[in-house]
Structures are given as C-alpha cells and as structure tokens.
Amino acid sequence: MIPIRYVEPVYRPPSEAQSLILPVTDGCSWNRCTFCEMYTAPQKAFRARGEDEVLDSIRRTGALYGSQVRRVFLADGDALVLPTRRLLAILEAIRAHMPSVHRVSSYCLARNLKKKSVAELIQLREAGLAMAYLGAESGDDEVLAKVSKGETFETTRDALDKLGAAGITRSVMILNGLGGQQLSAQHADHSARLANATQPEYLSTLVVSFPHGEARFRAGFPEWEPLDQHGLFVEMERFLSQLELTRTVFRSDHASNILVLKGTLGADKARLLEQVRQAIATPEAARLRPEWARGL
C-alpha cells in the first residue's frame, strides 16, 4: 500500500497513467470554470497540504518503492499555486528519496505563473519539474469569459511563454465544442492563433462534456447549443487548417473523441486534415452524437 493520503476522486492526465500521483494540494485554487466538474465535490475544497505531510509521504514512499518510481505527477488541480520555496523542497525530496524518477509533472493554471519569474521556473526545472499540463480550453476571450475560465488569450500566452523560456515542456489542452454553435468559428480561429503564438511541445483536444448535467455551465452561457458530431468535425477541421506548428506532438485520442487523431505538426498536418475531411464527408457522421449529447 502506498503511504499517501488520497482524497477521491483523483485525476491525472492520460499520459500519467504509470506515474506516482503525489497530492501536494487538494482541489483547485480557482475552481470556477463552469465546464469542469473535477473538483466540485465538498471533500475537494481547495487547500494546500501541509509541507510536513507531503515530505513525509515522499520519504515513506521512497523507502518502500523508491527504486521503482520513474515518474511523479504532482496533484491536484494546480500544484504550481504553491510558493516556489515549497515546490523546490518537494522536488528536492523526490530527488533524494526516489532516485529513479526522471520526470515530475503537474497541472498548471496560467494565473499561478503571474507571480513566478522565469528565473524561478528555471529553478523548478533544474530541480526536476519537467512538464506542465495547461488547460487553455480556448484562445477566444469571449468563450473564456462565458465559461468563467478567469483567463484571456494574453494571460494564457504569457504563461506558456514563461514555461517555454524556462525550458519546461508544455502540454496544452483545447476543448472541442466549448463555444457551442454560436461561437464555434471564433473558438477554432483563436485557439489556433494561441497555439501558433506559443508553439507548445504537446497539443491535445478533448470534447467538452457534462457528466453531472449542464445547469452549472448554462448559468453563465444560457445561449450555448452543443455541436453534433458533424459540427465537432467541422470545428476540428477549421482549427487544424490554421495551425502553423513546427515540432508539436498532436493528440486527439481522449475517450471523448470519436475520431482519433495522432501526429506531429506540421509534418502530419495534411494527413490529419484528410482524416477529418473524410469524416465530414461521411453521411453517418452527421447523425453521430457524443454521449453527453445523448443525455448519458
């Protein structure tokens, strides 16, 4: 048994499936995004975990499994909200007690980098923080305001530029369908513009979904109407067609994506666009609807 206290539910990116999940906070310090249900349960109210508890968890886990752990994911929603001093202490403890770890990663809110300098981020990278997963969701200011993201195109770009300047690998997520029918075009256009401006190492898309219902989301976006699967394909084609990336690994293979897309942009742009255009041209695609749109 891993000697770490977990507060369910616990989330991590799909690519962190083999990582040790190390909570350094509970919940999300913002937790106002109306599309996100990950940290809305009462037990997930935001708090920073005590430093002694986190360091003790690292020591005890290291004593049992230190030679087996290769990757560590700092949970919950935005570990980088912690002061740089505390993050450095955590990273140094991981290095000391889990010597086989070669990558530490974390979710990251753009707002949490406003008070961190590039020099501080370089310190974190040198101490072992290799990757940050940043949910941009959209590059469109109107969409971001409608869903209470608390960010803009500029604040997201600034955060990604800081991470890039520090040498921390950036994995950026965009939500296909977030703007609904009304704002689909500008959501696609400005999300592509954000990716082009920042050139992240990784870029992925998920389909917006509401397992617990749409009431919270619609409170701030009452005019939102979901895209059917054909509409999601059309939005994806518009997004991909405007991407001008050089060495970005692109993935659209989350469980929410009916059409799986994988490649490197820009080398595989033509192939990926052809896949999407074939899906658009398939009559059956217009009748497909994702699970959340079928009321599941």
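Above this note sits the structure.
Reference entry: report on the structure contained in this document. Since this is a predicted model, take the numbers as computed values, not measurements.

## Description of the packing of aromatic side chains
Overall, the coordinates contain eight aromatic pairs when judged by the stated rule. Taken together, a centroid distance of 6.2 Å and an interplanar angle of 70 degrees make the contact between F73 and Y133 edge-to-face. With a gap of 60 residues between them, F73 in strand β4 (residues 71-75) and Y133 in strand β6 (residues 129-137) connect regions that are remote in the sequence. Y133 matches F73 in its accessibility class, with the two residues each being buried. Measuring from ring centre to ring centre gives 4.8 Å for F210 and F217, while their planes differ by 45 degrees; the resulting arrangement is tilted. Comparing F210 with F217, the two get one shared label, buried.

## Details of the environment of R111
When you line up the elements, R111 lands in the loop between β5 (103-107) and α3 (118-127). For R111, a relative accessible area of 27% gives the class partly exposed. Between the alpha carbons of R111 and I2 there is a distance of 32 Å; along the sequence they are 109 residues apart. Apart from the residues lying within four places of it in its own chain, the contact partners of R111 are W30, G150 and E151. Among the polar contacts made by the side chain of R111, one reaches the main-chain carbonyl oxygen of G150 at a distance of 3.0 Å.

Quick notes on the rules
For every chain, the first residue of the written sequence is number 1, and numbering continues from 1 onward in sequence order. Only residues with pLDDT of at least 70 are given local features in this predicted model, and only at 80 or more are side-chain atom pairs given and counted; all residues enter the totals for whole chains, interfaces and linings. The basis for the side-chain values is all heavy atoms of the structure; hydrogens and waters are excluded. Each Phe, Tyr or Trp ring (for Trp, its six-membered ring) is paired with any other whose centre lies within 6.5 Å, and the angle between the two planes then decides the class: stacked below 30 degrees, edge-to-face above 60, tilted in between. Only DSSP runs of H or I reaching four residues or more are called helices, and only runs of E reaching two or more are called strands; each is numbered from the N terminus. Using a 1.4 Å probe on the protein chains alone, a residue whose accessible area is under 20% of its type maximum counts as buried, one over 50% counts as exposed, and one in between counts as partly exposed. Should any heavy atoms of two residues lie within 4.5 Å, those residues are counted as being in contact. Polar contact is defined as a pair of N or O atoms within 3.5 Å, subject to the rule that within protein one atom must be able to donate a hydrogen and the other to accept it, and that residues adjacent in sequence are counted only when both atoms are side-chain atoms.

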